[in-house]
Structure formats: C-alpha cells, structure tokens
Amino acid sequence: MTDTLSRRTFIGAGAAALAGSVLPGQAGALESPAIVLRGAARPTAISSANSLAPVSRALELVLQGSDTLDAAVEGVKIQELDPKDNSVGYGGLPNEDGVVQLDASCVHGPTRRAGAVGSLEGIKTPSEVAKLVLKYTNHIMLVGEGAKKFALSYGFQDEDLLTPESRQLWLTWRANRGGSDDWLDVPDKTPMVVRPTGTINLNVVNAAGDLSSVTTTSGLAWKINGRVGDSPIVGAGQYTDNDVGSAGSTGRGESNIMVCGGFLTVEHMRRGMSPTDACLETLRRVMAMTPPRLLREDGRPAFSLQFYALNKKGEYGAASFFRARYAVHDGSGASFKDCAVLYPPK
Ligand code: ASP
C-alpha cells in the first residue's frame, strides 16, 4: 500500500475536500503529477456476508465524497429495510414474546464520537437512530422506551416490524420449543434446534484515511425480552480509532462482550498486526474466556463468532471459528471472500 495516490485516483476517490493536502514542491519531483495525502488510504468497505449491496452503496457514497459514517449507515439501511433479511431491522426475528427488539451502534472516527440504541421497538432503521444519538446528544446509548421516544421525535414511524414470514418462524418456534409447556406441538414439527443469528457489521475508510463503523441487528432469535447483545455496545459490536482502524463482529454476542472484541481487535492492529491476524487473535481470546458448557465434546466452540477488521490504509481481513464468508469492496468491485478460520474442518 502506498501513501501516494496518483492524481487520477485522487479525483476518482471523490476526495475534493482534501485539495489542501497537496504538499508543496513534491508533485514536481515525481514523473507524473501526484498528490501526497497524509494518511492516504485505499477507500474500502468491509462487512458481514449478508452485505454485498451495503458495501457497494457505502463505497459508492465514499467515492462521491460522503462522510464515512453517513456512507456506512446508508449501506446497512438497505438490509434493515429489506423484509427478506431476517437478521436486522424490518423482518428481523423477534424475541421469545414475538416482539422485534433491535440493537445498533456506530463510531465516527474523525470526531471520535459514538452512538447506540438497545432494545429499540417499532423503528425499522436502528442504525440511523444510533447516528442521531451520536450527532445530537451528549450521551452514547439510549435503550427501550427512551430510545423509541427519541426516534419518534425525529419523525421516524412506529411500525410493526414482523413480516408474515418472521411471524410464522416465531409461531413455529413457540409451538415446538418443548414438550412440557402449554403450547401444543404442531403436526409438521420443525424443531428449532439451531438458533438463527445474524447481524451486519460494516466498516469504511476513505482516501483520507478517515474511518467509521456501524453494527446493526435484531439479535439472537427468540431471546429473552430485554436481552441486549454485543452489537449496541461500543467496543464490543464495533469500534473505530481513527489513528488505527475499525473492527466489529457478528455471532454469539455474549462471547464477544466478554473480550470487548471490537476494541481488542483494533488494539491488536495498533500493535502492528494485520487485520486478519488481529481478528484471529481476538478469537483466541474468546476461547480462553469460554466456559465448558459452551464447548462441544471435541473442545471446539458450540457457537459461531466472526470478526471483521479494516485498517487506516484500507487493508482488511476477517476471521471466524468455522468456515464463513464476508463482503468487501475495495474499488475493484464488491465480492465475497473467505474468512480466515481458527478451526479448519477435520
Ligand atoms: N451478535 C448478535 C447478538 O448477539 C447476533 C448475531 O450476530 O448473530 O445480538
């Protein structure tokens, strides 16, 4: 990665605001006109596997000159508003009472500010509400009724977030969750042995090396009412230090909270690790904190967890306990890539 971008790349990167970054006397010393940027990066967006459209949108906006946090939120909103994505926003799977409770958080690198909402009901795009907490309040996190009242004050609509499909999935789970309750098992019983999870963590860097991160989720399906996972916790679900990079997570939130994984991954990068190595190291720390009840018989984790990381130069990587993919756009097209794996198939 070079710290010198050609003039064409610079203009293509839509970084007109950085025109003042031309270093006097340097352009003439090079064969072709060049602009040296302080902290210059390859504009890049990296995210979880359900986010091909969000990384494309986020990078497109960054290249047009948008702020990185605005770009990240506009990206994840695509999935939050998509009724077919049952891991976030509208259509996200509900808690055990059939109520969709959403979590989100974000960090804006350049201003070193954060915002978050937890257990937010009735609002399709919690990432936008988290951004408003960051922008307009002296606080970092609002939860439950207060978070909803805050969102409504900005004109968000209070809506039913269950789709016919997510309601059906919840009803099926409730009917089949056990033999000793008062709900009769439905004849075509589909035991929900696996607890569906899903989340989006999206991290973006622009040509100036300014970073932002956002994580949004409906949390673990069928969770206990009021349960808040890692996603809205700044330093766990996501974190950005504008001097270093951004990182975030999807998967079992409780395990991530125990190691403050977003923050820890950024700290690993600060100490010189590549984004991929930083993610792997955080997974090792998670394992060191994992109690036996969460381990399989072979000693491997009985849950999934992924970390995604992006540094200030635009280098990126991701790691997972088991095989998983992530989405990235580094200017050469949006694509899926394989996460590095801590436990390869036997
Ligand atoms: N991390 C999310 C949570 O624990 C869930 C997920 O990513 O699947 O709420």
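Residues numbered from 1 in each chain as written. Predicted model: local features only at pLDDT ≥ 70, side-chain atom pairs only at ≥ 80, totals over all residues. Heavy atoms only, no water.

Draft legend 1. Focus on the overall build of the protein chain. Looking only at helices and strands, the protein chain features nine helices and 15 strands. Within the protein chain, the fraction of its 346 residues that count as buried is 53%. In the protein chain, 65% of the contacts between residues at least 6 apart in sequence involve partners at least 24 apart. A total of about 15,400 Å² of accessible surface is found on the protein chain, and carbon and sulfur atoms cover 53% of it. (Helix = DSSP H or I, 4+ residues; strand = E, 2+ residues; numbered from the N terminus. Buried < 20%, exposed > 50% of the residue type's maximum accessible area, 1.4 Å probe, protein only. Contact = heavy atoms within 4.5 Å. Areas by Shrake-Rupley, 256 points an atom, 1.4 Å probe, with all protein chains shown as cover.)

Draft legend 2. Layout of the site of the ligand. Of all residues adjacent to the ligand, which total 12 residues, the nearest are Gly198, Thr199, Arg227, Asp230 and Gly251. A distance of 2.5 Å separates an oxygen atom of the ligand from a polar side-chain atom of Thr199. One nitrogen or oxygen atom from the side chain of Asp230 is found 2.7 Å from a nitrogen atom belonging to the ligand. In isolation the ligand offers 270 Å² of accessible surface; the protein chains occlude 100% of this area. Its atoms largely coinciding with the cavity grid, the ligand occupies the largest cavity. Partitioning the shell around the ligand into residue classes produces one nonpolar, nine polar and two charged. (Near = heavy atom within 4 Å. Polar contact = N/O pair within 3.5 Å; in protein donor to acceptor, adjacent residues only side chain to side chain. 1 Å grid on protein atoms, 1.4 Å probe; cavity = no way out; pocket = protein on both sides within 12 Å on 5 of 7 lines; lining within 4 Å. Sits in = over half its atoms within 2 Å of the grid points. Nonpolar A, V, L, I, M, F, W, Y, C, P; charged D, E, K, R; others polar.)

Draft legend 3. Inspection of the environment of Arg285 at higher detail. The topology assignment puts Arg285 in helix α9 (residues 275–288). With residues near it in sequence (within four places) discarded, Arg285 still touches Val259 and Leu264.

Draft legend 4. Fine view of the environment of Ala116. Position of Ala116 relative to the elements: it lies in strand β5 (residues 113–120). Taking relative accessible area as the criterion, Ala116 reaches 0% and is therefore assigned buried. As a C-alpha pair, Ala116 and Pro126 span 10 residues in sequence and 8.5 Å in three-dimensional space. If we ignore the near neighbours within four places in the chain, the residues touching Ala116 are Ala104, Ser105, Ala130, Val133, Ile140, Met141, Leu142 and Pro232.

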